[in-house]
Amino acid sequence: MRFETRSIHTGLDIGNPSTAIVPPISPSNIFEIDPEGKQAGDYHYSRLQNPNRQQFEAVLTSLEGGADAAAFSSGVAAAAAILQSLEPGDHVLMPEDVYAGNRWLVQKLLLRWNLDVEFMAMHDPEEVRSRLRKETALVWIESPSNPLMRLTDIAETVRLAHEAGAVVAVDNTWPTPVNQRPLEQGADLVLHSTSKYFGGHSDLIGGAVICREGTPLFDQIRRGQILGGAVPSPNDCWLFARSTRTLAYRMRGHNENAFALARFLESHERIDRVFYPGLESHPQYAIAKKQMDGYGGMISFLLDGHATDAIGVVGRSNLVKRATSLGGVESTWEHRQSSEGEGSVSPDNLIRISVGLEHPDDLLEDVQKALKG
Ligand code: PLP
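Residues numbered from 1 in each chain as written. Predicted model: local features only at pLDDT ≥ 70, side-chain atom pairs only at ≥ 80, totals over all residues. Heavy atoms only, no water.

Turning our attention to the site of the ligand. Taken together, Ser-74, Gly-75, Val-76, Tyr-99, Glu-142, Asp-171, Thr-173, Trp-174, Ser-193, Ser-195, Lys-196 and Gly-206 form the complete shell of residues around the ligand. Within the contact set of the ligand, an oxygen atom lies 2.9 Å away from a backbone nitrogen or oxygen of Val-76. In this structure, an oxygen atom belonging to the ligand sits 2.8 Å away from a side-chain N or O atom of Ser-193. Here the ligand loses 90% of its free accessible area of 390 Å² to cover by the protein chains. Class assignment of the residues belonging to the shell around the ligand gives a composition of 3 nonpolar, 6 polar and 3 charged. (Near = heavy atom within 4 Å. Polar contact = N/O pair within 3.5 Å; in protein donor to acceptor, adjacent residues only side chain to side chain. Areas by Shrake-Rupley, 256 points an atom, 1.4 Å probe, with all protein chains shown as cover. Nonpolar A, V, L, I, M, F, W, Y, C, P; charged D, E, K, R; others polar.)

Attention shifts here to the sheet that holds strand β7 (residues 207-211). If you trace the 7 strands from one edge of the open sheet to the other, you get β1-β7-β6-β5-β4-β2-β3, paired in mixed fashion. Single-partner strands in this sheet number two, and they are β1 (68-72) and β3 (116-120). Going from strand to strand, the sheet's axes swing by 20 degrees on average, the running direction of each strand aside. Of the pairings in the sheet, the one linking β1 to β7 comprises 5 bridges and is antiparallel in character. Bridging from a neighbouring strand, Ala-69 pairs with Ile-210 of β7. Each of β1, β2 (91-95), β4 (136-142), β5 (167-171), β6 (189-193) and β7 touches helix α3 (residues 75-83); the most contacted strand, β6, lies at about 155 degrees to it. Strands β1, β5, β6 and β7 of the sheet are contacted by helix α8 (residues 216-228), whose axis makes an angle of about 25 degrees with β1. (Pairing = 2+ DSSP bridges. Helix = DSSP H or I, 4+ residues; strand = E, 2+ residues; numbered from the N terminus. Axes fitted to C-alpha atoms, helices over the stretch in contact; angles between N-to-C directions. Contact = heavy atoms within 4.5 Å.)

Bringing the nonpolar core into the picture now. Residues Leu-265, Val-274, Ile-299, Phe-301 and Trp-333 are the most contacted members of the largest nonpolar core, which totals 29 residues. Contributing elements (two or more residues each) for this core: α10 (247-266), β8 (271-275), α11 (285-291), β9 (298-303), α12 (307-315), β12 (350-354) and α14 (360-372). If you tally residues by element for this core, the top one is α10, at 5 residues. Counting 28 residues, the second largest nonpolar core, distinct from the first, contains Phe-56, Val-59, Trp-174 and Phe-198. (Core = buried A, V, L, I, M, F, W, Y, C linked by side-chain atoms within 4.5 Å. Buried < 20%, exposed > 50% of the residue type's maximum accessible area, 1.4 Å probe, protein only.)

On to the side chain of Glu-57, then. Along the polypeptide, Glu-57 turns up in helix α2 (residues 51-64). In this structure Glu-57 comes out as buried when scored by relative accessible area, which is 4%. Within the structure, the side chain of Glu-57 is placed 2.8 Å from the backbone nitrogen of Ala-71, a separation counted as a polar contact. Residues contacting Glu-57, with those up to four places away along its chain left out, are Gln-49, Ala-69, Ala-70, Ala-71, Arg-222 and Gln-225.

Rendered as structure tokens:
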């Protein structure tokens, strides 16, 4: 079956003994044990597994083309489970522009794990080649990166990492499996902040890890999920599974609207540069065409000016809301340096926009007005 059909039908039969087309929410956190004291069915205690989490994990597995999935209560909890599945002292390569929360995770929280993490230019295969060593256990890819939209050639980086005996995890939050499926390109793990496009309505926090095949590493990630305990509630899993039914169509809308807005921004006299993988002006457009089916809903651009000009533009919108994060049906934008705060390496004239599903003409009009001043 095709992607859209699988999004809608996968997992509907799990924990759904009736003729209901929509599976029920199973709030019970305990399940009856048989008279001999053994687990009677598939479930025992809902931190370990429950029907709604299983439904969501089934659809995640199917859409990424993997073997199994583990859902978490946030994207950073999913990242922590991956990193904690490594041995203390393991060498890890991470992009220098990795999502800041994941950088803080290794630099401020997992210090006692003593991972040897190198932040480097992941989009440059020569850099990857020169930094891989026999102790390298994990190579972490985030493509497109935030906020400069740099792309990493997934297949090539996987080839180099596997030659060196390292596992590859790809944070696929921004593109989603609609636009990019890293497991098909040989990656071992895919990570998501499902708070973004999977939830899709700016009202849920969640995360997930999907594996290409069952391995002892994924067994350890599963242990991290159920023993670490950062699991999503049945109610949240039900909402995530429900939102995922429309993911393909929402992403098409995000892709189309963002493409139209990126072209408009590129032609605007107040804008110096637009970063969007679907534009021919993107320095890695060839990689985008090779590994992406669509270019996503995120755009960054540099205004001709400085921080005060960029803050002024963002302050003048009516329809586009001022907020961080991404992936909702409503468009949001931010002066990225202000959101990141101290230590931000984003240029001071950079605005990042998460393009929503409003009518594209309404969006263009609002952005045009904000740019006029
Ligand atoms: N990965 C990326 C690319 C993100 O943008 C985010 C959140 O902004 C995360 C991971 C972390 O996800 P969460 O906020 O759900 O913990």
